[in-house]
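# Observations on the model geometry
Here is how the chains run, residue by residue.
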Amino acid sequence: MHTPGFQEADLALLHSLQIAPRVTWTDLSRVLDATPTALAARWHRLRSSGLAWVTSYPEARGDDLVTSLVEVDVAPGHRAEVVRLLCRDPRTISVEESARGRDLLLTVLTPDLPSLTRFVLDDMAGIAGIERQRTHLATAVHSDGTNWRLDALDRDQQAVCEQLAAAAGPQPGVTPPRDAEALIDALARDGRASAADLARQIGRPEATVRRQLSRLVGSGALRFRCEVAQLASRWPISCTWVARVPAAERERTVTALGTLPELRLCISTTGDTNLMFTVWVRSLQHLMRLEQLLGERLPWLGIVDNAITLRTSKRIGWLLDDNGLATGEVVPSSALASVVR
């Protein structure tokens, strides 16, 4: 099946939502010169076709959460079932199938180190077909998909969206409500849901949900992200590099990588290799040019391994089909419970 692409107006709308995921259509209409009704209809089309969606996930604060990348090798004939089981596990927020170096790359989010230990040493050992796994604990997440942009807005439009995001974003001194588990779960399934929609979903009075939602968003305990179907975008190829960087060069390496518009993820990790980063690129030729650029600009960056992603089956809790479109089925992260812990 051919994956449909985005129109220019789609890209502008999505870029706006990347900056301000919960912006109102009324506010956004002044940025994009379109009516709120037209924007809502466009978003409905994109979301219902699986081309774009807004989700939420917990903001890591201090030692509250443990983020890990786990490389998995799978015995022949077992890949499909292993992927299915791992996609259903709420501790894996993303599941990618790789071309080389490993069969699968998992992004795992757990509330603490013992929870990660149970996942990788006990529970994964019980999955038939998993032969080996290598776990890279993140010591710092420098950049993730929340920071990646489609580059469809001009600077003035971006500035207005950033102002709207700041006005509706975290506020000093605000703490998340303690009894908001159902609300948090619903926002993982639809990060743009209104208080009225959420009230109907979780069976609570709208006034109560409105207060809880305001506190939850104002606390900054959740991060909201507008995601897009990668194969339909202008950057259909994903590649993850595993690298070794001298400790003295880590800060400026991370800073330099952060200037790349292709960067989707950059984390420092434990182990002999201490940096992993993922890029989205337009073509294999683009990837080669980028690798050459890194070699010229960052000669101390030792690339140990790199692998192209063949298919992403789960991204930030959302299950995707073979074309990278959102199926509408979501497995919210188990770490969401830490938001109100």
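Our structure's up above, just so we're on the same page.
Description of the structure in this document. (Residues numbered from 1 in each chain as written. Predicted model: local features only at pLDDT ≥ 70, side-chain atom pairs only at ≥ 80, totals over all residues. Heavy atoms only, no water.)

Once that is clear, we can look at the overall build of the protein chain. Along the protein chain, the regular secondary structure elements total 11 helices and 12 strands. Radius of gyration (C-alpha) of the protein chain: 20 Å, near the 20 Å computed for a compact globule of 341 residues. Each principal axis of the C-alpha atoms in the protein chain carries an extent, and together these give about 50 × 45 × 40 Å. Across the 341 residues that make up the protein chain, the buried fraction comes to 53%. (Helix = DSSP H or I, 4+ residues; strand = E, 2+ residues; numbered from the N terminus. Rg over C-alpha atoms; globule rule 2.2 N^0.38 Å. Buried < 20%, exposed > 50% of the residue type's maximum accessible area, 1.4 Å probe, protein only.)

Below, the discussion takes up the packing of aromatic side chains. How two aromatic rings sit relative to each other is set out by the distance from centre to centre and by the angle between their planes. Overall, the coordinates contain 4 aromatic pairs when judged by the stated rule. Their ring planes at 25° and their centres at 5.7 Å tell us that Trp53 and Trp318 sit as a pair that is stacked. Residue Trp53 is located in strand 1 (residues 52-58), and its partner Trp318 is located in strand 11 (residues 318-320); the two are separated by 265 residues in the primary sequence. Site record: aromatic cluster; members linked through ring pairs are Trp148, Trp235 and Trp280. (Phe/Tyr/Trp six-rings, centres within 6.5 Å; stacked < 30°, edge-to-face > 60°.)

Of all the 7 residues making up strand 1, 7 are buried; the element is thus mostly covered by neighbouring parts of the structure. Residues Ala52, Val54, Ser56 and Pro58 of strand 1 are buried on one face, and the alternating residues Trp53, Thr55 and Tyr57, pointing to the opposite face, are buried as well.

Attention now goes to helix 1 (residues 8-19). With 12 residues, helix 1 should cover 16 Å at 1.5 Å per step; its first-to-last C-alpha distance of 17 Å lies within 8% of that length. A large share of helix 1 lies buried, amounting to 10 of its 12 residues. Taken as a whole, helix 1 has its buried residues at Asp10, Leu11, Ala12, Leu13, Leu14, His15, Ser16, Leu17, Gln18 and Ile19. (Expected span 1.5 Å × (residues − 1).)

Bringing the packing of helix 1 against helix 2 (residues 25-32) into the picture now. Helix 2 packs onto helix 1 with a crossing angle of 125° between their chain directions and a minimal axis gap of 11 Å. Viewed along their axes, helix 1 and helix 2 adopt a mutual orientation that is oblique. Considering the relative orientation of helix 1 and helix 2, their crossing is right-handed. Note on element contacts: helix 2 touches helix 1 through Trp25, Leu28 and Leu32, opposite Ala12, Leu13, Ser16 and Leu17. Split by residue class, the contact of helix 1 with helix 2 holds 6 nonpolar, 1 polar and no charged. (Axes fitted to C-alpha atoms, helices over the stretch in contact; angles between N-to-C directions. Parallel < 35°, antiparallel > 145°, perpendicular 65-115°, else oblique. Left-handed = near helix turned anticlockwise from the far one by under 90°. Contact = heavy atoms within 4.5 Å. Nonpolar A, V, L, I, M, F, W, Y, C, P; charged D, E, K, R; others polar.)

Now for the nonpolar core. The nonpolar side chains of soluble globular proteins are, as a tendency, buried together. In terms of nonpolar packing, the biggest core is built from 30 residues, with Phe6, Leu13, Leu14, Leu17, Leu28, Leu32 and Trp43 touching the most fellow members. Counting only elements with at least two residues in this core, the list comes to helix 1, helix 2, helix 3 (36-48), strand 1 and strand 6 (222-228). Ranked by residue count, the leading element in this core is helix 1, at 6 residues. Residues within four places of Leu17 in sequence aside, it is in contact with Val23, Trp25, Leu28, Trp43, Arg192 and Cys226. One finds Cys87, Leu116, Met124 and Leu319 within the second-largest nonpolar core, a separate group that totals 20 residues. (Core = buried A, V, L, I, M, F, W, Y, C linked by side-chain atoms within 4.5 Å.)

Take the side chain of Thr240 next. Among the structural elements, Thr240 can be located in strand 7 (residues 237-244). Note on Thr240: relative accessible area 2%, which makes it buried. In this structure the side chain of Thr240 is engaged in a polar contact, spanning 2.8 Å, whose partner is the side chain of Thr278. Setting aside its immediate chain neighbours within four residues, Thr240 contacts Glu96, Arg102, Leu105, Met276, Phe277, Thr278, Asp305, Asn306 and Ala307. (Polar contact = N/O pair within 3.5 Å; in protein donor to acceptor, adjacent residues only side chain to side chain.)

Two numbers describe how helix 8 (residues 195-202) lies on helix 9 (residues 206-219): the axes approach to 8 Å, and their chain directions differ by 115°. Crossing hand, helix 8 versus helix 9: right-handed. Every residue of helix 9 that contacts helix 8 at Ala195, Ala196, Leu198, Ala199 and Ile202 is listed here: Glu206, Val209, Arg210 and Leu213.

This paragraph deals with helix 5 (residues 113-123). Every buried residue of helix 5 is accounted for by Ser115, Leu116, Phe119 and Val120. The arc that holds the buried residues of helix 5, viewed along the axis, is 120°, so those residues lie on one side. Buried residues along helix 5 sit in contact with strand 2 (66-74), helix 4 (79-88), strand 3 (92-98), strand 4 (104-110) and strand 5 (130-143). (Arc of directions from axis to C-beta.)

Okay, the pattern of salt bridges next. The full count for this structure, using the stated rule, is 30 salt bridges. Across the salt bridge formed by Asp103 and Arg79, the nearest N and O atoms sit 3.3 Å from each other. You can see Asp103 sitting in the loop between strand 3 and strand 4 and its partner Arg79 sitting in helix 4, a full 24 residues away along the chain. One salt bridge connects Asp144 with Arg225, and the closest N-O pair in it is separated by 3.7 Å. With Asp144 in the loop between strand 5 and helix 6 (155-168) and Arg225 in strand 6, this residue pair connects regions lying 81 residues apart in the sequence. You'll find Asp144 and Arg225 in the same group, each marked buried. Through salt bridges with shared partners, one network takes in Glu59, Asp144, Arg223, Arg225, Glu227, Arg264 and Arg315. (Salt bridge = Lys/Arg side-chain N within 4 Å of Asp/Glu carboxyl O.)

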